[in-house]
Amino acid sequence: MELIITEKDNAARRIADILSGGTFDSSRENGVNVYEWGGKRCVGLSGHVVGVDFPPEYSDWRDVEPVELIDASVEKTPTKENIVATLRILARKAERVTIATDYDREGELIGKEAYEIVRDVNEDVPIRRVRFSSITENEVQNAFDEPDDLDFDLAAAGEARQIIDLVWGAALTRFLSLSAGQLGNDFISVGRVQSPTLKLIVDREREIQAFDPEDYWELFADLAKNGTTFEAQYFYRDEDDNEAERVWEEAVADEVYETLADRDAATVVDVNRRTRTDTPPTPFNTTQFIRAASAIGYSAQRAMSIAEDLYTAGYITYPRTDNTVYPDDLDPEELLDDFVGHATLGESAESLLEADEIVPTEGDEETTDHPPIHPTGEIPSRGDVSDDEWEIFELVVRRFFATVADAAVWEHLKVVTEVDDYRLKSNGKRLVEPGYHDVYPYFNTSENFVPDVDEGEELAIDDVELEEKQTQPPRRYGQSRLIETMEDLGLGTKSTRHNTLEKLYDRGYIESDPPRPTKLAMAVVDAAENYADRVVSEEMTAQLEADMDAIASGEATLNDVTDESREMLEEIFANLADSREEIGDHLRKSLKDDKRLGPCPECGEDLLVRQSRHGSYFVGCDGYPDCEFTLPLPSTGKPLILDSECEEHGLNEVKMLAGRQTFVHGCPLCKAEDAGEGPILGECPECGDEHGGELAVKTLQSGSRLVGCTRYPDCEYSLPLPRRGEIEVTDEYCDDHDLPELVIHNGDEPWELGCPICNYQEFQARESDTGSDLEALDGIGAKTVEKLADAGIESIDDLTESDPDTVADDVEGVSADRIRDWQAKA
DNA sequence: GCAAGGTC
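None of these values were measured; they are calculated from a predicted model.

Colleague: How would you explain the nonpolar core if you had to name every residue and give the values?
Modeller: Burial of nonpolar side chains together is a common tendency in soluble globular proteins. Leu172, Phe289, Ile316, Phe393, Phe401, Leu569 and Leu587 are the most contacted members of the largest nonpolar core, which totals 106 residues. For Leu569, the residues in contact, after removing those within four places along its chain, are Ile70, Val167, Trp168, Ala171 and Leu172. Formed by 25 residues, the second largest nonpolar core is a distinct cluster that contains Val43, Val84, Leu90 and Ala94.

Colleague: Outline the pattern of salt bridges, supporting the account with residue identities and numerical values.
Modeller: Evaluated as defined, the whole model comprises 53 salt bridges. Across the pair Arg161 and Asp165 runs a salt bridge whose closest N-O atoms are separated by 3.1 Å. Note that Arg161 and Asp165 are positioned in helix H5 (residues 152–179) at a spacing of four residues, about one turn of the helix. Asp369 is the partner of Lys494 in a salt bridge, and the nearest nitrogen-oxygen pair spans 2.5 Å.

Colleague: Tell me about the pairing of strand S9 (residues 215–225), and please be specific about residues and values.
Modeller: When you tally the buried positions in S9, you get nine out of 11 residues, the bulk of the element. Pairing of S9 with strand S10 (residues 228–237) involves six bridges; the strand directions are antiparallel. If you follow Leu223 over to S10, its bridge partner there is Phe230. Joining the antiparallel neighbours S9 and S10 is a turn of two residues, in which Asn226 adopts a positive phi near 50 degrees.

Colleague: I'd love a proper account of the UniProt feature "domain: Topo IA-type catalytic" (unreviewed entry) in chain A, names of residues and values included.
Modeller: Following the UniProt record, the feature "domain: Topo IA-type catalytic" (unreviewed entry) maps to residues 151–573 here. Measuring from the first to the last C-alpha atom of residues 151–573 gives 35 Å, for a span that is 42% helix and 18% strand.

Colleague: An account of the environment of Val130 is requested, with residue identities and associated values reported.
Modeller: Mapping Val130 onto the fold places it in the loop between strand S8 (127–129) and helix H4 (137–145). Look at Val130 and you get buried, because its relative accessible area is 1%. The spacing of Val130 and Ile99 is 31 residues in sequence and 6.2 Å in space, taken between C-alpha atoms. Apart from residues lying up to four places away in sequence, Val130 is in contact with Thr98, Ile99, Ala100, Thr101, Ala143, Phe144 and Pro147.

Colleague: How would you sum up the pairing of strand S1 (residues 2–6)? Please name residues and give values.
Modeller: With five of its five residues buried, S1 lies for the most part within the structure. Burial of the side chains of S1 extends over both faces: Glu2, Ile4 and Thr6 are buried on one face and Leu3 and Ile5 on the other. Two strands pair when backbone bridges link them, and S1 and strand S7 (residues 96–100) are joined in this way by five bridges, in the parallel orientation. Residue pairing in the sheet places Glu2 in a bridge with Arg96 of S7. Two strands pair when backbone bridges link them, and S1 and strand S4 (residues 40–44) are joined in this way by five bridges, in the parallel orientation. Bridge assignment links Glu2 to a residue of S4, and that residue is Lys40.

Colleague: Can you tell me about the protein's contact with DNA strand B, naming the residues and giving the values?
Modeller: Residues in close proximity to DNA strand B total 40 residues, the closest being Ser46, Lys80, Arg174, Tyr318 and Thr493. What you see for DNA strand B is that sugar and phosphate hold 60% of its atoms within 4 Å of the protein. Here a base oxygen of DNA strand B sits 3.2 Å away from a polar atom, N or O, in the main chain of Ser59. Within the side chain of Thr496, one N or O atom sits 2.9 Å away from a phosphate oxygen of DNA strand B. If you list the elements that add at least two residues to the surface near DNA strand B, you get strand S5 (50–53) and H5. Sort the elements by how many residues they give to the surface near DNA strand B and H5 lands first, with eight residues. Across the surface near DNA strand B, the residue classes tally to 10 nonpolar, 15 polar and 15 charged.

Colleague: Give me the lowdown on the packing of aromatic side chains, citing residues and values where you can.
Modeller: Going through the model one piece at a time under the given rule, you end up with 18 aromatic pairs. A ring pair is formed by Tyr234 and Tyr422, whose centres lie 5.9 Å apart and whose planes are at 80 degrees; its orientation type is edge-to-face. Of the two residues, Tyr234 sits in strand S10 while Tyr422 sits in strand S14 (residues 422–433), which places them 188 residues apart along the sequence. You can call Tyr422 buried: its relative accessible area is 17%. Ring geometry for Tyr315 against Phe393: centres 6.2 Å apart, planes inclined by 70 degrees, an arrangement best described as edge-to-face.

Colleague: Quick one: what's the story with the sheet that holds strand S19 (residues 606–611), residue by residue and with numbers?
Modeller: Ordered in space as S18-S19-S20-S21, the four strands form an open sheet in which the pairing is antiparallel. Strands with a single pairing partner mark the edges of an open sheet, and in this sheet they are strand S18 (596–599) and strand S21 (630–632). The mean angle between the axes of side-by-side strands here comes to 30 degrees, regardless of whether they run parallel or antiparallel. Here three bridges tie strand S20 (residues 617–621) to S21, and the two strands are oriented antiparallel to one another. Directly across from Gly620, in S21, lies its bridge partner Thr630.

Colleague: Residue-level account of the packing of helix H8 (residues 286–295) against helix H12 (residues 387–403), with values.
Modeller: Here H8 crosses H12 at 120 degrees, and the two axes come no closer than 11 Å. Overall, the two elements H8 and H12 adopt an arrangement that is oblique. Judged by the twist between their axes, the crossing of H8 over H12 is right-handed. Counting all contacts with H8, which are made through Gln288, Phe289, Ala292 and Ala293, the residues of H12 involved are Ile392, Leu395, Val396 and Arg399. Among the residues forming the contact of H8 with H12, the class breakdown is six nonpolar, one polar and one charged.

Colleague: Outline helix H7 (residues 250–262), supporting the account with residue identities and numerical values.
Modeller: In an α-helix, one turn spans 3.6 residues; hence positions three or four apart end up facing the same way. Its 13 residues place the ends of H7 18 Å apart at the C-alpha level, agreeing with the 18 Å of an ideal helix rising 1.5 Å per residue. Taken as a whole, H7 has its buried residues at Ala253, Val256, Thr259 and Leu260. Across the axial projection of H7, the buried residues extend over an arc of 130 degrees, all falling on one side. Structural note: H7 exposes Ala251, Glu258 and Asp262 on the side pointing more than 90 degrees away from its buried face. Packed against the buried residues of H7 are S9, S10, strand S13 (408–419), S14 and strand S15 (458–470).

Colleague: So what's going on with the side chain of Arg161? Residues and values would help.
Modeller: Classification of Arg161 as buried rests on a relative accessible area of 18%. What Arg161 contacts, discounting residues up to four positions off in sequence, is Glu106, Arg192, Leu544 and Met548.

Colleague: With reference to specific residues and values, describe the sheet that holds S8.
Modeller: An order of S2-S3-S4-S1-S7-S8 is seen for the six strands of this open sheet, with the pairing classed as mixed. Whereas interior strands pair on both sides, the edge strands pair on one side only; in this sheet they are strand S2 (25–29) and S8. Within the sheet, the average angular offset between the axes of one strand and its neighbour, ignoring direction, is 25 degrees. Sitting on the sheet, helix H3 (residues 105–121) is in contact with S1, S7 and S8, with an inclination near 170 degrees to S8.

Colleague: An account of helix H1 (residues 9–20) is requested, with residue identities and associated values reported.
Modeller: Taking 1.5 Å of rise per residue, the 12 residues of H1 would be expected to cover 16 Å, and the 16 Å separating its terminal C-alpha atoms lies within 8% of that figure. By the burial criterion, the buried members of H1 are Asn10, Ala11, Ala12, Arg13, Ile15, Ala16, Ile18 and Ser20. One or two steps after H1, the chain reaches Gly21, where phi turns positive at roughly 65 degrees.

Colleague: Tell me about the UniProt feature "domain: Toprim" (unreviewed entry) in chain A, and name the residues and values.
Modeller: As annotated by UniProt and renumbered to match this structure, "domain: Toprim" (unreviewed entry) occupies residues 1–136. The distance separating the terminal C-alpha atoms of residues 1–136 is 24 Å; by composition the span is 31% helix and 27% strand.

What counts, and at which threshold
- Residues numbered from 1 in each chain as written.
- Chains lettered and ligands numbered in written order.
- Predicted model: local features only at pLDDT ≥ 70, side-chain atom pairs only at ≥ 80, totals over all residues.
- Heavy atoms only, no water.
- Core = buried A, V, L, I, M, F, W, Y, C linked by side-chain atoms within 4.5 Å.
- Buried < 20%, exposed > 50% of the residue type's maximum accessible area, 1.4 Å probe, protein only.
- Contact = heavy atoms within 4.5 Å.
- Salt bridge = Lys/Arg side-chain N within 4 Å of Asp/Glu carboxyl O.
- Helix = DSSP H or I, 4+ residues; strand = E, 2+ residues; numbered from the N terminus.
- Pairing = 2+ DSSP bridges.
- UniProt positions renumbered as here; feature names shortened; annotations may be inferred.
- Near = heavy atom within 4 Å.
- Polar contact = N/O pair within 3.5 Å; in protein donor to acceptor, adjacent residues only side chain to side chain.
- Nonpolar A, V, L, I, M, F, W, Y, C, P; charged D, E, K, R; others polar.
- Phe/Tyr/Trp six-rings, centres within 6.5 Å; stacked < 30°, edge-to-face > 60°.
- Axes fitted to C-alpha atoms, helices over the stretch in contact; angles between N-to-C directions.
- Parallel < 35°, antiparallel > 145°, perpendicular 65-115°, else oblique.
- Left-handed = near helix turned anticlockwise from the far one by under 90°.
- Expected span 1.5 Å × (residues − 1).
- Arc of directions from axis to C-beta.

Put into structure tokens, the structure is as follows:
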């Protein structure tokens, strides 16, 4: 029996399909899919199935000095036990093993991990390696016709990275955490990739804080020709003879303004017309995909998660790639053909197929692991995917369209006019040939009108404006901009960059979007810059890359590189030893600064945002236990302390971050004071008859609101109300319950909530309508729940027990892959 | 309970 090992299940299935000509059988062992045909078995790993760590005696942070980790041994242990177990069983019976992991450095290491597991149980079996850049019939057949051996040097390069990252990361993370007394969940992390990324954000924040705005003026005039007006802006030549628009002295600005306002006409002195070719974008790699998705409102994390779902469902290719050159075996015409006749995408595809020749664009990066992200030709029907998934799918399809479309052509028209010695310029642009913009409508194509004029022509001055402005601090990095910058600096990989940002959020280093660094982050970067400069610099990665290349080419060994790295870390720790307390104090102070709201009204110490043992947030006094003053915070979301301060109490306002339900809570002390009973609505249906209880709108101290009985706590009758918006009690009464109808005013459209009892009953009815826990799964909506119910699947339990292929046959528009996906999520 | 890198 020959055993073929791939990096992931998906690849295993596709390779089995190709090599078996579609005749493979599949079975499951230990929850791992095994594909079998004609004496061959193919199994997919799940990336790394073993991980590096220190021996268990190093695991207690308090018992081990961080510096000891530098020379501690590093062990490999299985992290995916079931896959390792399956691999061992299959390897024992194998007469030949073929490693078919991804064609890149990490793939070689993952391949070596599989190699070692196989060798452990089967000393003699021949083990070979195949390499292919995309899982297509040709590439895979060729690779299996010409097998090669594992490249142990390349794998060793990856192992060196693992060891260096672990040793540096763990030793420094433990040092900082111990120095500040931050153990448990709130440790203070440091790493080769996360720390330089954090420094990017912190450096930008420092620039913003140090920024000193300067006043300047800009002048605009409306010029008219034949009754239509267009804008012109004053400019001059600066000392370097460049065109400049900003006037730095008010007196000069006033003088220009008065001259322009005084004159009726400007004379055209120069007309410059040129056409510019606007070339279509290059194929999507991960970073460019994230950037484009972010431009239409998706966070990096969300975009990648949707892309992952579309990939597993078979609609797009692998979403983690650096490649921006389509492989030779991608036939653009064939792929376009798949979209012909489609309701929303067909028209674009058909127009592209009319071209005489179809030549896709190419980016600078051509790699061996995966093709650029493109559609597979399989098109989901709208019911198969959520709106967000469709939007991302369409983006990927249209990007592919754009890469095979014609260039666009713009006509630029620059008109320079003169008033006395002052000059004005107008920049017009017109899209003459829309080209790829027709099939890729995500770029801005707004035009700017400037009419045809001739030199010497006089144009009427309609209006003149003098605008006073201030220079602005540099802008914070947005998430996609950060990911691009990380790529430019070589930080992280296509698969990890977006996770690194998520990690910085989780560690309490950044908050909000665009991300802002916390005081803790500033202190961590400070400490690292002072004592371990290397770990916050992108050069550590650059050096590591060079070292890995040296290992891969045989010029250096794993030990050369890791020994040298350990020595550098020893030196850092020698310098750190005396400063432990100083660093700890600074970190502790910054941690407190991040939680501080303002003075306690009872004792004057600081009020801090704290977290109870159960995880809920509240406001407590730093003077505790001497001062027991507390204030509640809403139970939904994570509190973010805003810059704005409450005038009455001098406390910072609080915002509750809860995804789409994010809201501003305001000053917690004001909220507590406002708490109490609002307007009476009517008789309590529970105790009104007997005890005369009445229903009132109530605000709890936490800020949440409800309709409750005035006899609380004797009567606990209550109805929920929305958290946000002003509640209006109308004159309309509900016939059934004799209560006034309510309207909620929250920004946009008023929400006619109606009678609170009717509203609650409707809400409950809706809840119990589908009544299925299936709806809790990502990607299953009410319609799909109905469809599944028709096929006899009414709960998550039903779903996990069913066979995907049978269900896919029974339920229209749901693929077996999607079902497997749900089963995995369940 | 540390890193970064795979993948689900």
